[in-house]
Amino acid sequence: MDNTFTDLSHINVKGGDGGAGCMSFRREAFVPKGGPDGGDGGRGGDVVVVADAQLSSLIDYRYKHHFRAERGTHGKGARRHGSDGADLILKVPLGTVVRELDPETQKPSYVIADLTQPGERVVVAPGGRGGLGNTHFVTSVRRAPAFAEKGEPALEHWVELEMKLMADAALVGMPSVGKSSIIARISAARPKVADYPFTTLVPNLGVARAANGQSFVAADVPGLIEGASEGKGLGHQFLRHIERTALILHVVDVTGGYEGRDVLEDYRTINAELAAYASELAERPQIVVANKCDLPGFEEDVERLREAAEADGHAFFAVSAATGLGLDELVTKVAAEVAVLREELKAEEPGLNLTERWERDRQRRDAAISISREDGCAWRVTGGAIERMVVQTDWDNEDAVAYLQHRFNRCGLDDKLRRAGAANGDEVRILGFAFEYEGDGPDEFAELSEAEQQLVDALDSEDGGVA
């Protein structure tokens, strides 16, 4: 395997933790009661995956698997805020799919983003919010709050990066049918060409240009064999690169190769493997390319293949990679087909700001709250945002715990517990903490100044609100 090509990696990412807020009071001459002046902690940096058109592989993530963004620094007295941590940018090739991995099975659980355009980006590990200093917790009755928030811990998890080539047309077929020879003939690509099976071990890309100026990107995919969709042979590792292509160029060796295979059997075997790997590939536009047609004695096989391809509704070309026979016509046809398919794709998918959509999806997942019953009168609460609220709280400080209860009320947790069937006095468990449910208890932070209320609203909107 070419060690410069990697198209699948698992990496562990963690945003920077937020800095802690400061609990401090102004102390200077002639100001005996200066009031609270603790600064806020800085926000931790995000881990951001960005699509870069200059990259062609995930080789940067083959040996290094752990990535950490910079943490925010702590707040200080005299209203000095901590500095924000720097974001960590991870560059990936166009066509990279980012998936969340299940922490137990390490299997993909959902798609985070599909980066197909230069500059598209997605936050895979957001940094933690900095804790608020004690200046934010002053009320008309609480003039000297003796607590501040801890910094918000950042998310740490495993994600999968899978690169799928961004080609317009993919050359597929059995090993040694001449795919590499064709792409070398129609483009400037120079793949390895030899007379033994599995010469091609990695996909090769080439830009082909027709006489009328139209062009397309072609991918030479390593040879498939029967059972490739189930993991047999080498080509199964690269079936993913066919998924994005608008057009399939199905190359068949009319000579049957060393084994003397039947052309129709080869043709049907590859189509069956494509359909088994992804059912939509069976409906993908396809052009059947009979290669090595310059050799005498195989005219009957060429006609048999032509009849089968046309019966399936596929265009057919008889070519020779060795002499160039029929390749100009093939390139012209493919370029025209690709141009039409590109226009259809644009019409179906109007321009969307996917970066913003992926961020909204991430915030929605983070804000989701799940409640389940445990041990009769105990309730388990899970959710990214709600769990970080708990970790941020100084549980040895009664005022801080009271403020946590206020945040629970603001984000709708109390209402959700009530609808789930919780009664006053039930135990609520979040992470390793437990407390008593008081659905109608007093809220010491209910009365805030207008400016302070705006701050709390902004804070709660970052937490995601009600799931």
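The structure we're discussing is the one just above.
Positions within a chain are numbered from 1, following the residues in the order the chain's sequence is written. The predicted nature of this model means local features are confined to residues of pLDDT at least 70 and side-chain atom pairs, given and counted, to a pLDDT of 80 or more, with totals for whole chains, interfaces and linings taken over all residues. Note: side-chain values were computed over all heavy atoms of the structure, leaving out hydrogens and water.

Quick look at the overall build of the protein now. Secondary structure elements are taken from DSSP: a helix is a run of H or I of four residues or more, a strand is a run of E of two residues or more, and numbering for both begins at the N terminus. Within the protein, the regular secondary structure consists of nine helices and 18 strands. Classification of residues uses two cut-offs on accessible area relative to the type maximum, computed with a 1.4 Å probe and protein chains only: under 20% is buried, over 50% is exposed, and between them is partly exposed. A total of 467 residues make up the protein; the buried ones form 49% of that total. Contact criterion: two residues are considered in contact whenever any of their non-hydrogen atoms come within 4.5 Å of each other. Sequence-distant contacts, at least 24 apart, represent 72% of the contacts inside the protein between residues at least 6 apart. Of the accessible surface of the protein, which amounts to about 22,300 Å², a share of 50% is contributed by carbon and sulfur atoms. All accessible-area figures derive from a Shrake-Rupley calculation using a 1.4 Å probe, and residue coverage is judged against the displayed protein chains alone.

Definition of nonpolar core: a set of buried residues of the types Ala, Val, Leu, Ile, Met, Phe, Trp, Tyr and Cys, connected through side-chain atoms within 4.5 Å. In this structure, Ile182, Phe216, Ile242, Leu247, Ile287, Leu330 and Val334 are the most contacted members of the largest nonpolar core, which totals 35 residues. Looking at this core, the elements with two or more residues in it are strand E9 (169-172), helix H1 (179-186), strand E11 (215-220), strand E12 (247-253), helix H2 (263-277), strand E13 (286-291) and helix H4 (327-348). For this core, the leading source of residues is H4, giving seven residues. In this view, Leu247 contacts Asp168, Ala169, Ala170, Pro285, Gln286, Ile287, Val334, Glu337, Val338 and Leu341; residues no more than four positions away in its chain are not counted. Ile11, Val13, Val49 and Val124 belong to the second largest nonpolar core, which has 26 residues in total.

Comment: phi is negative for the bulk of residues other than glycine, and the bulk of peptide bonds are trans. Backbone geometry at Arg79 places phi at a positive 60 degrees, although glycine is not the residue there. Along the chain, Arg79 turns up in the loop between strand E3 (66-68) and strand E4 (88-93). For Arg79, a relative accessible area of 53% gives the class exposed.

Moving on: the packing of aromatic side chains. The aromatic pairing rule takes the rings of Phe, Tyr and Trp, using the six-membered ring of Trp, and pairs them if the centres are within 6.5 Å, calling planes under 30 degrees apart stacked, those over 60 edge-to-face and the rest tilted. Under the counting rule described, the total for this entry stands at five aromatic pairs. With a centroid separation of 5.6 Å and an interplanar angle of 65 degrees, the aromatic rings of Tyr61 and Phe67 are classed as edge-to-face. A ring pair is formed by Trp395 and Phe435, whose centres lie 6.3 Å apart and whose planes are at 35 degrees; its orientation type is tilted. Of the two residues, Trp395 is situated in the loop between helix H6 (384-392) and helix H7 (398-410) and Phe435 in strand E18 (residues 433-436); the sequence distance between them amounts to 40 residues. Look at Trp395 and you get partly exposed, because its relative accessible area is 25%. Classification of Phe435 as buried rests on a relative accessible area of 17%. Of the aromatic side chains, those joined through ring pairs into one cluster are Trp395, Phe408, Phe433 and Phe435.

A few words now on the side chain of Lys164. As for its placement among the helices and strands, Lys164 is situated in the loop between strand E8 (156-163) and E9. For Lys164, a relative accessible area of 9% corresponds to the buried category. Of note is the side chain of Lys164, whose polar atom sits 3.3 Å from the side chain of Glu243. Polar contacts, as counted here, are pairs of nitrogen or oxygen atoms within 3.5 Å of one another; within protein the pair requires one atom able to donate a hydrogen and one able to accept it, and residues that are adjacent in sequence qualify only if both atoms are side-chain atoms.

A fitted line through C-alpha atoms serves as each axis, taken over the contacting stretch for helices, and the angle formed by two N-to-C directions is quoted from 0 to 180°. Put simply, H6 and H7 touch, their axes get as near as 10 Å, and they point 170 degrees apart. Looking at the two axes, H6 sits roughly antiparallel to H7. Residues Ile386, Met389, Val390 and Gln392 of H6 pack against Leu404, Arg407 and Phe408 of H7. Each residue is assigned to one of three groups, with Ala, Val, Leu, Ile, Met, Phe, Trp, Tyr, Cys and Pro labelled nonpolar, Asp, Glu, Lys and Arg labelled charged, and all others, Gly among them, labelled polar. Its residues assigned to classes, the contact of H6 with H7 shows five nonpolar, one polar and one charged. Working definition: roughly parallel below 35 degrees, roughly antiparallel above 145 degrees, roughly perpendicular at 65 to 115 degrees, and oblique for all remaining angles.

Looking now at H7. Helix length check: H7 (13 residues) gives 19 Å between terminal C-alpha atoms against 18 Å at 1.5 Å per residue, within 8%. Those residues of H7 that fall on the buried side of the exposure criterion are Ala400, Ala402, Tyr403, Leu404, His406, Arg407 and Phe408. At the N-terminal end of H7, a side-chain oxygen is found 2.9 Å from the backbone nitrogen of Asp399, two or three residues along, and the residue is Asn397. Remark: Gly412 follows H7 within two positions and exhibits a positive phi of approximately 90 degrees. A helix is expected to reach a length of 1.5 Å times the quantity of its residues less one.

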